[in-house]
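What follows is each chain in one-letter form.
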Amino acid sequence: MINWSCALQSSVSDIEVDKKSFEVPTLLQVPGSENGVQVGILSRFAYQIKDSDEKLVVATTRLETMLADTAVAVNPQDIRYSHLVGKQLVHPFDKSRLIPIIADSFVDMEFGTGAVKITPGHDPVDYEVGRRHGLPIIEILNDDGTLHKDIPDFGGLGRFQVRRKLKDTLSNLGLYCGDTGQSTVLPICSRSGDIIEPRLKEQWFLDCQNMAQLAMQAVESGQLNLVPKNNEIIWWEWLTKSQDWCLSRQLWWGHRIPVYTCNKSKETTCAMNEEEAKVKLKSASVYQDDDVLDTWFSSSLLPFSVLGWPQKTLDLEQYFPQQLMETGQDILFFWVSRMVMLSLELTGRLPFHKVLLHGMVRDAHGRKMSKSLGNVIDPLDVIKGTTLQNLEKRLEEGNLNPKEIDTARLGLHQDFPNGIAQCGADALRFTLCSLNAKNVDINFDVTNVESKLRFCNKIWQSFKFIFSKLPSDFKPLNTLELYGKEDGTDLWILSKLSIMVQLCETHFATHNFHLVTAALQQFWYQELCDVYLESVKPVFQSDDVQWQEAIQQILFLCAETFVLAAAPFMPFLCEELYQRLPSRDVGKAESVCIAEYPKPDKFHWSNDSVHTSMEQCLEIIHYIQKLRKDFNIMGTKSKAYLQTDNSVYNELLTLHKPCLLSLSKSGDIRVIKPSDQVTEMCTEVYVNPELKVKVELKGTSVDLTQELDRLQKKKENQEQDKKELNEKLDKFLRKNKGDSQKAIHLKNKIAALDKDVYKLDQMIQALQGNYQR
């Protein structure tokens with residue numbers, strides 16, 4: 001029994017059949033039916049029991065199939081019908097056909113009337129029941145969905161026309177007992193939107209039992225690894241219940257089935273071509289089967305057929321089997337398992353040793369991409385960009401019905417009101433790889449691609465800065481050696497570079513590409529651009545040539561390593577930048593795509609102590625910037641003081657002073673004792689219990705009296721808001737609503753106000769200290 005699409009007039013594979021649920025009666029638009037088809041209806045009708053006035057009522061959602069009924073089944077435990085088992089029913093449209101009442105435990109006594117009509121020729125479950133009870137099989141459908149012409153009153157009519165006519169005819173005979181809404185699941189052809197008909201039809205099948213066993217053994221023995229590992233459960237479930245595979249298709253695309261038949265004897269054989277078939281059949285006249293192979297069968301030959309199989313080619317010997325197969329989790333059975341089965345059967349070897357499975361790519365809202373929703377994203381639109389008008393035009397050129405077009409157009413206006421921006425292939429690829437491919441669902445948002453495009457632009461601009469700092473005669477060292485002029489920030493960026501290379505190596509090995517992209521973005525964006533490039537600018541404005549040369553070598557190493565590491569994700573951008581990089585004495589690869597990927601053993605700069613000192617440095621910078629922003633002195637180069645007894649901060653200042661000065665926008669930074677007095681007017685904040693940061697209020701037009709008044713009023717307002725919120729919270733708690741979302745929201749707002757009041761207190765105290773002085 002196969003899946004048959006009357007619209008395509010072809011069998012279709014299981015993966016091309018969508019299971020759609022209908023909870024209430026629904027008018028479904030189906031190809032060939034102008035007025036649509038009412039689905040989700042459970043119809044009841046009665047069979048007359050032979051030689052009796054009694055009738056047996058059955059229920060069905062496919063009324064037209066009653067013309068092919070060959071039995072009615074009841075549960076052997078159902079006392080309502082136990083006296084009828086073994087009796088016969090008279091078919092109302094074929095008096096000569098007597099329908100037996102049989103007992104079978106598969107019948108659900110609670111569903112419908114508890115009596116189930118059995119149609120072995122048009123239902124897979126009924127077919128199995130028919131086999132158990134030796135029932136005859138009646139077929140009533142033609143390939144196009146019409147009924148056989150020899151069926152009285154209904155021959156030649158479409159299946160859904162027959163459904164409507166049967167209802168009227170049975171009503172006239174007094175046998176129709178009404179209908180009710182019934183939740184139902186229908187098989188829908190994903191290509192045509194047609195309702196699939198299960199049909200018994202002569203087709204070519206492949207016996208998969210032995211092949212499935214070998215495929216299961218390959219995973220069980222560890223010869224074949226599935227990543228993520230939880231996909232092994234699906235592997236067992238599918239292959240354990242593996243059935244014969246229908247290979248025939250009636251649509252003429254794909255490989256024609258290589259079966260030939262002798263015109264005279266009708267004997268068949270498989271052959272490479274007609275001439276071979278004639279030899280095998282010992283006949284001068286043969287013809288080839290009209291059907292074509294299922295596309296999944298042809299594509300399952302891919303791992304070895306593209307390498308010249310069945311001939312023993314050099315490519316087959318060199319490249320087969322492969323190491324890794326990457327594909328979607330949804331086709332684990334339909335493609336991956338079949339590649340494995342056919343490869344083991346035809347070559348005796350696995351086609352690959354590891355399978356990496358990604359999840360279903362969905363839209364930004366987590367919905368499955370669907371033409372009818374208008375949320376299908378064409379990668380080319382993301383790469384090249386497109387307008388909302390073009391997206392709408394494409395909808396109208398499709399095969400959607402007017403209602404679906406309206407729904408899809410609404411979705412387009414909500415998600416892409418300004419169309420889709422041109423982002424390029426690199427930004428799209430980097431975005432997709434930055435999502436966790438191993439998740440069952442992968443939500444894709446175009447705004448993320450726009451963000452990654454900005455990252456690409458950041459890379460380009462930062463490379464322009466780096467190139468501007470390399471002299472025209474710059475010659476990179478074959479192996480970086482320290483000049484001895486490097487400070488702690490230089491050593492820190494080398495350490496971070498080493499960590500990035502190590503993370504790339506680790507996460508590539510475990511196929512966690514999203515963690516590789518995270519490591520690349522962390523290094524380039526947040527460590528190199530935001531910190532290091534800013535910290536070295538003052539060095540290039542100084543007269544220290546040796547330090548400049550040391551930094552130039554570090555910048556080149558960072559740039560070259562990053563380009564090599566990022567090339568798999570951004571091949572176009574990285575190729576362009578790679579070609580612009582100065583060449584080493586040792587030969588430079590012709591292209592970034594064939595250059596050696598960075599290896600951790602060549603990057604030995606990792607240093608934990610310099611990480612610790614740099615983290616402290618960045619924390620101090622954060623507090624200085626915060627104070628400068630609070631008092632609107634961002635545009636001045638005022639002094640900063642680190643007030644502490646801890647000598648660690650003296651060492652820190654020595655290690656990272658250029659970085660501290662540059663990133664905090666300070667004119668000077670000094671370490672002072674807690675007992676030391678600062679003559680300048682300052683604001684201050686505690687970084688930690690051991691360290692207080694003071695920032696000179698130089699260059700500001702702060703009027704201490706006015707500023708204190710302003711801050712006091714702001715603090716009073718904040719405290720009043722806090723008091724009102726506490727009163728509201730008390731009311732909720734008295735009403736035992738402490739766990740309500742509103743109460744939690746109030747608590748969060750009160751906590752935020754506490755922080756604001758604390759900050760204002762610090763600012764007020766700092767100004768009061770200056771005022772008193």
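Residues numbered from 1 in each chain as written. Predicted model: local features only at pLDDT ≥ 70, side-chain atom pairs only at ≥ 80, totals over all residues. Heavy atoms only, no water.

A. Inspection of the overall build of the protein at higher detail. Along its length, the protein carries 22 helices and 30 strands. Over its C-alpha trace the protein gives a radius of gyration of 38 Å, far above what one expects of a compact globule, namely 28 Å for 773 residues. Seen through its principal axes, the protein has C-alpha atoms that stretch 120 × 80 × 50 Å. Residues classed as buried in the protein amount to 46% of the 773 residues present. A separation of at least 24 residues holds for 72% of the contacts in the protein among residues at least 6 apart in sequence. Here the protein displays about 40,000 Å² of accessible surface, and carbon together with sulfur accounts for 50% of that area. (Helix = DSSP H or I, 4+ residues; strand = E, 2+ residues; numbered from the N terminus. Rg over C-alpha atoms; globule rule 2.2 N^0.38 Å. Buried < 20%, exposed > 50% of the residue type's maximum accessible area, 1.4 Å probe, protein only. Contact = heavy atoms within 4.5 Å. Areas by Shrake-Rupley, 256 points an atom, 1.4 Å probe, with all protein chains shown as cover.)

B. Representation of the environment of Asp645 within the structure. Checked against the element boundaries, Asp645 lands in the loop between strand 27 (639–643) and helix 20 (648–664). Once the C-alpha coordinates of Asp645 and Glu197 are considered, the two residues, 448 residues apart in sequence, prove to be 85 Å apart. Among all residues touching Asp645, those that are not within four sequence positions of it are Lys673, Pro674 and Glu690.

C. Layout of the packing of aromatic side chains. In total, this model carries 20 aromatic pairs according to the counting rule given. On the basis of an interplanar angle of 75° and a centroid distance of 5.6 Å, the ring pair of Phe333 and Phe334 is categorised as edge-to-face. Given the relative accessible area of 11%, Phe333 is considered buried. Look at Phe334 and you get buried, because its relative accessible area is 8%. Chaining the aromatic ring pairs together yields one cluster made of Phe430, Phe455, Phe508, Phe513, Tyr525, Phe569 and Tyr597. (Phe/Tyr/Trp six-rings, centres within 6.5 Å; stacked < 30°, edge-to-face > 60°.)

D. Layout of helix 4 (residues 231–240). Within helix 4 the residues assigned to the buried category are Asn231, Glu232, Trp235 and Leu239. The arc that holds every buried residue of helix 4, seen down its axis, measures 105°, which confines them to one face. Relative to its buried face, helix 4 has exposed residues pointing more than 90 degrees away, namely Ile233 and Thr240. (Arc of directions from axis to C-beta.)

E. Looking closely at the packing of helix 16 (residues 513–540) against helix 17 (residues 545–566). The geometry of helix 16 relative to helix 17 is characterised by a closest axis approach of 12 Å and an angle of 165° between their N-to-C directions. The angle between helix 16 and helix 17 places the two elements in the roughly antiparallel class. The handedness of the crossing between helix 16 and helix 17 is left-handed. Touching Leu520, Phe523, Trp524, Leu528, Tyr532, Leu533, Val536, Val539 and Phe540 of helix 16 are Trp547, Gln548, Ile551, Gln552, Ile554, Leu555, Cys558, Ala559, Phe562, Ala565 and Ala566, all from helix 17. (Axes fitted to C-alpha atoms, helices over the stretch in contact; angles between N-to-C directions. Parallel < 35°, antiparallel > 145°, perpendicular 65-115°, else oblique. Left-handed = near helix turned anticlockwise from the far one by under 90°.)

F. Seen up close, the pattern of salt bridges. Using the criterion set out here, one finds 40 salt bridges in the structure. With a shortest N-O distance of 2.8 Å, Glu396 and Arg409 are connected by a salt bridge. Separated by 13 residues along the polypeptide, Glu396 in helix 11 (residues 388–397) and Arg409 in helix 12 (residues 402–415) bring together distant segments of the chain. Taking the relative accessible area as the measure of exposure, Glu396 reaches 49% and is therefore partly exposed. Overall, Arg409 belongs to the partly exposed group, its relative accessible area being 22%. In this structure, Asp668 engages Arg670 in a salt bridge whose closest nitrogen and oxygen atoms are separated by 3.1 Å. Given the relative accessible area of 40%, Arg670 is considered partly exposed. Counted as one network, the salt bridges with shared partners bring together Arg62, Asp123, Arg159, Asp194 and Glu197. (Salt bridge = Lys/Arg side-chain N within 4 Å of Asp/Glu carboxyl O.)

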